[in-house]
Every structure is written in structure tokens, then in C-alpha cells.
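What follows is each chain in one-letter form.
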Amino acid sequence: MNSKVLCLFIFILVCSCTSQKREIEYVEFEHECSIKRISDKILVRILPSKKKHNKERIIELSYHGKSFVRKPISEKEYQNIVDSIFKISEKDSTMVFADGGSNIIEYRKGNIIKKHHSQVLNKDYNNTFYNTCELITKSAGLDITAIK
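All of these numbers come straight from a predicted model, not from anything done at the bench.

Asker: Just give me the short version of the pattern of salt bridges, but keep the residues and values in it.
Answerer: One pass over the full model with this rule turns up 5 salt bridges. Across the pair R108 and E25 runs a salt bridge, and its minimum N-O distance is 3.7 Å. Here the residue R108 occupies a position in strand β5 (residues 102–109), and E25 occupies one in the loop between α1 (2–18) and β1 (26–32), the gap between them amounting to 83 residues. What makes R108 partly exposed here is its relative accessible area of 28%.

Laid out in C-alpha cells, this is it:
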């Protein structure tokens, strides 16, 4: 009898551990350049679909606080973005320059919210951060060279 209870307990423990979300819940890319225009802000969000049976991701693009684009992206495109985010090192995300814009990539995985910052979008200084921003903006239909 005790072995059955122990087996049931282990089974419930294993099921609860594997059912926890291990994937990124959302990704945000925020670009703000106050030098060009006051409050020139672009926000790209990648959110999960609200339909439970659909694993599709939705891109939201906001500019000056107004939402413009809401389109689906493929799971492969989303996975490329996630893989690129995990490649960003702390060195890439802590570059600080006196001028330029503010760029933030934020994501949530479980209860942890992680942010990567960069003051400038330049492939020579922070290649991995730049490539991740390029993937996100391309998914939203933006040209990264236009927002640098």
C-alpha cells in the first residue's frame, strides 16, 4: 500500500514539474530616440495567441502609443527570435553611449522578466543585440536601418 502511495506521489510530482511553462511568454522590443523627435518611440510586442489550441504568435506594433499592426508570425520565425535573444551576452546589453537612442529587449519566462539594454543599434559594437533587434523588426515589417 505504501509503495502505491509513493508511486502516486512521484507521478504527481513529475507531472507538475513538466507542466510548468518553460517557454518565453512574451517578447518586447522598445526603441526610443529623443534626439530625432520628442517621444519618438517604437514598441514591438510578440504575444501568444489567445486561442488555446493555436500556438501562433501575434506581433503588435505601436508608434506614439497608437497600435498599427497586429499580424501573426510563424513558429519558426518566433523560435529564431527566441534563440537569438538567448545568445545576447551581458556585454552586448550594457553598452552606454552619451548620445543615441534607447533600445530595450524584454522577455518573460515564468516569473522572471529579463531586460537587455543598448544605447545604440550598431552591428560593430553589439552584433548579437543588433541581430535580435533586426529579427524582431523584420517580423513586424520594419526596416531596422530606418530606426537606427
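Asker: Go over the nonpolar core, please, and point to the residues and values.
Answerer: Formed by 24 residues in total, the largest nonpolar core has its most connected members in V27, F29, V44 and I105. Listing elements by their share of this core, those giving two or more residues are β1, β2 (41–48), β3 (57–63), α2 (75–86), β5, α3 (127–140) and α4 (144–147). Once residues lying within four places of it in the same chain are set aside, the contact partners of V44 are V27, E28, F29, I59, E60, L61, I136, A140 and L142.

Asker: Explain the side chain of S62 to me, and be specific about the residues and the numbers.
Answerer: Inspection of the secondary structure puts S62 in strand β3. Residue classification places S62 among the buried positions, given a relative accessible area of 12%. Not counting chain neighbours up to four residues away, the residues in contact with S62 comprise K41, I42, L43 and S67.

Asker: A description of the side chain of T132 should follow, citing residues and the corresponding values.
Answerer: Residue placement: T132 occurs in helix α3. Note on T132: relative accessible area 0%, which makes it buried. Among the polar contacts listed, one links the side chain of T132 to the side chain of S84, at a separation of 2.5 Å. Apart from residues no more than four positions distant in its own chain, T132 is found in contact with I81, S84, I85, I88 and I105.

Criteria and thresholds
Residues numbered from 1 in each chain as written. Predicted model: local features only at pLDDT ≥ 70, side-chain atom pairs only at ≥ 80, totals over all residues. Heavy atoms only, no water. Salt bridge = Lys/Arg side-chain N within 4 Å of Asp/Glu carboxyl O. Helix = DSSP H or I, 4+ residues; strand = E, 2+ residues; numbered from the N terminus. Buried < 20%, exposed > 50% of the residue type's maximum accessible area, 1.4 Å probe, protein only. Core = buried A, V, L, I, M, F, W, Y, C linked by side-chain atoms within 4.5 Å. Contact = heavy atoms within 4.5 Å. Polar contact = N/O pair within 3.5 Å; in protein donor to acceptor, adjacent residues only side chain to side chain.

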